[in-house]
Amino acid sequence: MLIGELSRRTGVSARSLRYYEAQGLLSARRGANGYRAYGEEAVVTVTQIRALLRAGLSTEVIRQVLPCARGEGPGFDWCAELREILGGELAEMDEQIEALRRSRGTLVGLLTKP
């Protein structure tokens, strides 16, 4: 299918699809006319990419975990070793949240001083 069809079927813009391809998340064959041609599996792949992006993962991490994702999110069937990668991402997010809480507390303290 051409990029316009994949865009229509997934609700993802052609620009985003080209970005996913540039990031190594999605692959397409090129026809003799130079147009991108995607297989049927691209619909599931784009659905997986979108679910992982909503989870806050970077495209770099998605590139690592995507080859082992089976099925459509959010209930992926993961390869065992990737649970460790995702657990590390979750721990990093928790640290960022805590740092933001501390910064917020400091800012509140500054605003409440006369």
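Just above sits the structure.
Here's what I pulled together on the structure shown here. Not measured: the values here are computed from a predicted model. (Residues numbered from 1 in each chain as written. Predicted model: local features only at pLDDT ≥ 70, side-chain atom pairs only at ≥ 80, totals over all residues. Heavy atoms only, no water.)

### Examining the overall build of the chain
If you tally the helices and strands in the chain, you get five helices and two strands. Going residue by residue from the N terminus, the α and β elements of the chain occur as α-α-β-β-α-α-α. Rg of the C-alpha trace for the chain: 19 Å, well past the compact-globule value of 13 Å for 114 residues, more than 25% over. With respect to the three principal axes, the spread of C-alpha positions in the chain is 70 × 35 × 20 Å. Considering the chain as a whole, with its 114 residues, one finds that 27% of them fall into the buried category. Accessible surface, the chain as shown: approximately 7700 Å² in total, 53% of it carbon and sulfur. Distance from the positive charge centre (16 side chains) to the negative charge centre (14 side chains) of the chain: 9 Å. (Helix = DSSP H or I, 4+ residues; strand = E, 2+ residues; numbered from the N terminus. Rg over C-alpha atoms; globule rule 2.2 N^0.38 Å. Buried < 20%, exposed > 50% of the residue type's maximum accessible area, 1.4 Å probe, protein only. Areas by Shrake-Rupley, 256 points an atom, 1.4 Å probe, with all protein chains shown as cover. Lys, Arg positive; Asp, Glu negative; His and termini not counted. Charge placed at Lys NZ, Arg CZ, Asp CG, Glu CD.)

### Remarks on the packing of helix H1 (residues 3-10) against helix H2 (residues 14-22)
Contact geometry for H1 and H2: axes closest at 9 Å, N-to-C directions at 105°. When the axes of H1 and H2 are compared, the pair comes out roughly perpendicular. Between H1 and H2, the residues in contact are Ile-3, Leu-6 and Ser-7 and Ala-14, Leu-17 and Arg-18, respectively. Split into classes, the residues belonging to the contact of H1 with H2 amount to four nonpolar, one polar and one charged. (Axes fitted to C-alpha atoms, helices over the stretch in contact; angles between N-to-C directions. Parallel < 35°, antiparallel > 145°, perpendicular 65-115°, else oblique. Contact = heavy atoms within 4.5 Å. Nonpolar A, V, L, I, M, F, W, Y, C, P; charged D, E, K, R; others polar.)

### A few points about the nonpolar core
It is characteristic of soluble globular proteins that their nonpolar side chains tend to be buried jointly. By size, the foremost hydrophobic cluster in this structure holds 22 residues, and its most contacted members are Leu-6, Leu-17, Tyr-20, Leu-26, Val-46 and Leu-52. For this core, the secondary-structure elements that each account for two or more residues are H1, H2, helix H3 (41-54) and helix H4 (59-65). Looking at which element gives the most residues to this core, the answer is H3, with five residues. The contact partners of Val-46, leaving out residues within four places of it in the chain, are Leu-6, Thr-10, Val-12, Leu-17, Tyr-20 and Leu-26. (Core = buried A, V, L, I, M, F, W, Y, C linked by side-chain atoms within 4.5 Å.)

Just distances and angles here, no functional claims.
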